[in-house]
Amino acid sequence: MKIVNSIKSFSANKPTIVTIGTFDGVHLGHKKILEQIVENAHSQNCESLVLTFFPHPRTILQADSEMKQLNTLAEKTNLLSALGIDNLVIHPFDAAFSRLTAEEFVKQVLVDTFKIKKIIIGHDHRFGRNRTANIDDLIEFGNKFGFEVEEISAKQINEVSISSTKIRNALTEGNIELANNYLGYYYSLTGIVSKGKQLGRTIGFPTANIKIVEEYKLIPQNGVYIVQSNLDGIMYHGMMNIGTRPTVDGTTQTIEIHFFDFQKELYNQKITISLLHRMRSEQKFESVDALKKQLDKDKITALAIIKKL
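Quick caveat, the model's predicted, so the values are computed rather than measured.

Reading guide: rules and limits
Chains are numbered independently. Their residues run from 1 in the order of the written sequence. Whole-chain, interface and lining totals are the exception, using all residues; otherwise, since this is a predicted model, local features are given only for residues with pLDDT of at least 70 and side-chain atom pairs are given and counted only at 80 or more. Water and hydrogen atoms play no part in the side-chain values, which are based on all heavy atoms of the structure. In this text, helices come from DSSP runs of H or I with a minimum length of four residues, and strands from runs of E with a minimum of two, each type numbered from the N-terminal end. Remark: exposure states derive from per-residue accessible area (1.4 Å probe, protein chains only) relative to the maximum for the residue type, with buried under 20%, exposed over 50%, and partly exposed in between. Here, residues are in contact when the closest pair of their heavy atoms is within 4.5 Å. Pairing between strands is defined by DSSP: at least two bridges between them are needed. Where helices are involved, their axes are fitted lines through C-alpha atoms of the stretch in contact, as for all axes, and angles between N-to-C directions lie from 0 to 180°. In what follows, roughly perpendicular refers to angles from 65 to 115 degrees, roughly parallel to angles under 35, roughly antiparallel to angles over 145, and oblique to any angle outside these ranges. Should the near helix be turned anticlockwise from the far one by less than a right angle, the crossing is termed left-handed; should it be turned clockwise, right-handed. Throughout this entry, Asp, Glu, Lys and Arg are counted as charged residues, while Ala, Val, Leu, Ile, Met, Phe, Trp, Tyr, Cys and Pro are counted as nonpolar. The remaining residues, Gly among them, count as polar. A pair is scored as a salt bridge if a Lys or Arg side-chain nitrogen falls within 4 Å of a carboxyl oxygen belonging to Asp or Glu. Among buried residues, those of type Ala, Val, Leu, Ile, Met, Phe, Trp, Tyr and Cys that are joined through side-chain atoms within 4.5 Å constitute a nonpolar core. Each Phe, Tyr or Trp ring, with Trp reduced to its six-membered ring, pairs with another whose centre is within 6.5 Å; inter-plane angles below 30 degrees give stacked pairs, above 60 give edge-to-face pairs, and intermediate values give tilted ones.

Chemist: Would you explain the overall build of the protein chain in this entry?
Modeler: For the protein chain, the helix and strand inventory stands at eleven helices and twelve strands. By its C-alpha atoms, the protein chain is 75 × 40 × 35 Å across when sized along the principal axes. Of all 309 residues assigned to the protein chain, the portion counted as buried reaches 48%. Considering only residue pairs separated by 6 or more positions, the protein chain has 74% of its internal contacts joining residues 24 or more positions apart.

Chemist: Would you mind going over the sheet that holds strand 9 (residues 223–231) with me for this structure?
Modeler: Strand pairs in the sheet, formed through backbone hydrogen bonds, run parallel or antiparallel to each other. In space, the six strands of this closed barrel follow the order 7-8-11-10-9-12, with antiparallel pairing throughout. On average, each strand axis in the sheet is tilted by 45 degrees relative to the strand beside it, whichever way the strands run. Inspection of the sheet shows strand 8 (residues 208–211) paired to strand 11 (residues 254–259) by two bridges, in the antiparallel sense. In the strand pairing of strand 11, Asn209 is matched with Glu256.

Chemist: Please clarify how the packing of helix 5 (residues 102–113) against helix 6 (residues 135–145) should be interpreted in this entry.
Modeler: Any two packed helices are characterised by the angle at which their axes cross and by the distance between the axes. The geometry of helix 5 relative to helix 6 is characterised by a closest axis approach of 11 Å and an angle of 50 degrees between their N-to-C directions. Classified by the angle their axes make, helix 5 and helix 6 are oblique. For the pair helix 5 and helix 6, the crossing hand works out as right-handed. Contact with helix 5, carried on its side by Ala102, Glu103, Val106, Lys107, Leu110 and Val111, involves Leu138, Phe141, Lys144 and Phe145 of helix 6 and no other residues of that element. Here the residues of the contact of helix 5 with helix 6 are counted per class, giving seven nonpolar, no polar and three charged.

Chemist: Which parts of the structure should I look at to understand the pattern of salt bridges?
Modeler: Opposite charge on two side chains permits pairing when their charged atoms draw close. Following the criterion strictly, the structure yields twelve salt bridges and no others. Put simply, Lys144 and Glu103 hold a salt bridge, and the shortest N to O gap is 2.5 Å. A residue pair is termed long-range when its members are at least 10 positions apart, and Lys144 in helix 6 and Glu103 in helix 5 qualify at 41 residues. Between Glu150 and Lys118 there is a salt bridge, and its shortest N-O distance comes to 2.7 Å. Taken together, the positions of Glu150 in strand 6 (residues 148–152) and Lys118 in strand 5 (residues 116–122) put the pair 32 residues apart, joining distant regions of the chain. The exposure class of Lys118 is buried, given its relative accessible area of 5%. Connected via shared salt-bridge partners are Lys118, Glu148 and Glu150.

Chemist: When you look at helix 3 (residues 73–82) in this model, what are you seeing that I'm missing?
Modeler: Because an α-helix completes one turn every 3.6 residues, residues spaced three or four positions apart along the sequence face the same direction. Among all positions in helix 3, only Glu75, Lys76, Thr77 and Leu80 are buried. Packed against the buried residues of helix 3 are strand 1 (2–4), helix 1 (28–43), strand 3 (47–54), strand 4 (87–92) and strand 7 (188–194). Once helix 3 finishes, Gly84 follows within two positions and takes phi at roughly 85 degrees, a positive value.

Chemist: Explain the nonpolar core to me, please; I cannot follow it from the model alone.
Modeler: The biggest cluster of nonpolar side chains holds 31 residues, and the ones touching the most others in it are Leu189, Met240, Phe259 and Ile273. Broken down by secondary-structure element, the contributors of at least two residues to this core are helix 8 (164–172), helix 9 (176–183), strand 7, strand 8, strand 9, strand 10 (234–243), strand 11 and strand 12 (270–280). If one sorts the elements of this core by residue count, helix 9 sits on top with four residues. With 28 residues, the next largest nonpolar core counts Ala102, Phe105, Ile121 and Phe141 among its residues.

Chemist: Help me understand the packing of aromatic side chains in this model?
Modeler: Inspection of every chain in the model, using the stated rule, returns nine aromatic pairs. With a centroid separation of 6.0 Å and 70 degrees between ring planes, the pair formed by Phe259 and Phe262 is classed as edge-to-face. Among the aromatic residues, those joined into a cluster by ring pairs are Phe53, Phe93, Phe97, Phe105 and Phe127.

Chemist: Mind showing me how you'd approach the sheet that holds strand 2 (residues 16–20) here?
Modeler: Strand order in the open sheet made by the six strands is 1-4-3-2-5-6, with parallel pairing throughout. What marks the edges here is a single partner per strand, and that holds for strand 1 and strand 6. Between one strand axis and the next, the sheet turns by 20 degrees as a mean value, whatever way the strands run. Note: strand 3 against strand 4, six bridges, orientation parallel. In the sheet register, Val50 faces strand 4, and the bridge partner there is Leu88.

Below, the structure written as structure tokens:
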């Protein structure tokens with residue numbers, strides 16, 4: 001997949017089949033659209049092209065927006081590449097770009113730069129300055145400039161009944177299974193392993209603490225999760241706690257993973273954690289010994305659930 005970090009840096013080798021969107025999560029609903037542009041490109045001797053934006057337009061257009069995202073830019077790029085997209089254009093969304101009129105956007109970007117042959121887009125897609133243009137306007141521009149517009153109907157979208165907002169809500173509520181079902185893959189967190197207070201070592205549950213650099217990444221609801229991670233080419237399962245460590249009077253959120261049957265040091269390594277199941281909420285225990293007893297129970301529960309996965 002060819003990746004370009006600005007519309008101005010892109011040059012088309014062939015006519016393109018285009019879709020546009022933030023595609024946060026690259027979930028099952030998104031995949032229906034993305035698979036269509038790949039199939040169309042193959043059948044029409046064109047290249048498939050996804051135009052997406054970073055940062056998320058909502059964070060620019062709504063100054064008070066604190067919306068967290070399902071994917072980091074690297075995660076989104078990997079997911080799109082796996083679907084066979086030929087070209088990914090990640091355009092820096094800013095105030096100047098948002099002021100392009102609908103016709104300027106169509107002529108300058110879609111026609112002159114992308115050499116568009118066809119666009120496949122959701123029925124509710126809006127574009128241009130103040131998002132005033134809709135699918136009907138796009139069809140008119142298609143007639144004017146000579147490209148085809150294929151609309152993803154409300155019926156098709158509703159059949160999937162998936163949205164990035166629904167997935168964010170599920171994660172915020174701790175419903176990891178629902179989020180994973182909507183995504184079509186395990187939700188994951190990627191970070192650098194850093195040194196913590198090492199309390200886990202003293203009670204038989206050494207942990208890898210991960211720091212996530214991308215502050216815009218959505219962290220699911222606090223609690224204890226069953227997770228898995230590929231470490232040195234081997235898949236290991238474990239338990240992860242997201243929370244503030246109230247038993248030892250912690251105040252800041254941490255992400256700590258205890259891997260089963262894994263003894264090596266992971267400090268300063270980048271690891272990816274896939275979330276499989278949420279076992280319980282974070283609790284404050286009367287003592288560290290009481291915490292250890294609960295962790296022993298959690299491990300038994302986790303191993304039993306892993307056998308059924």
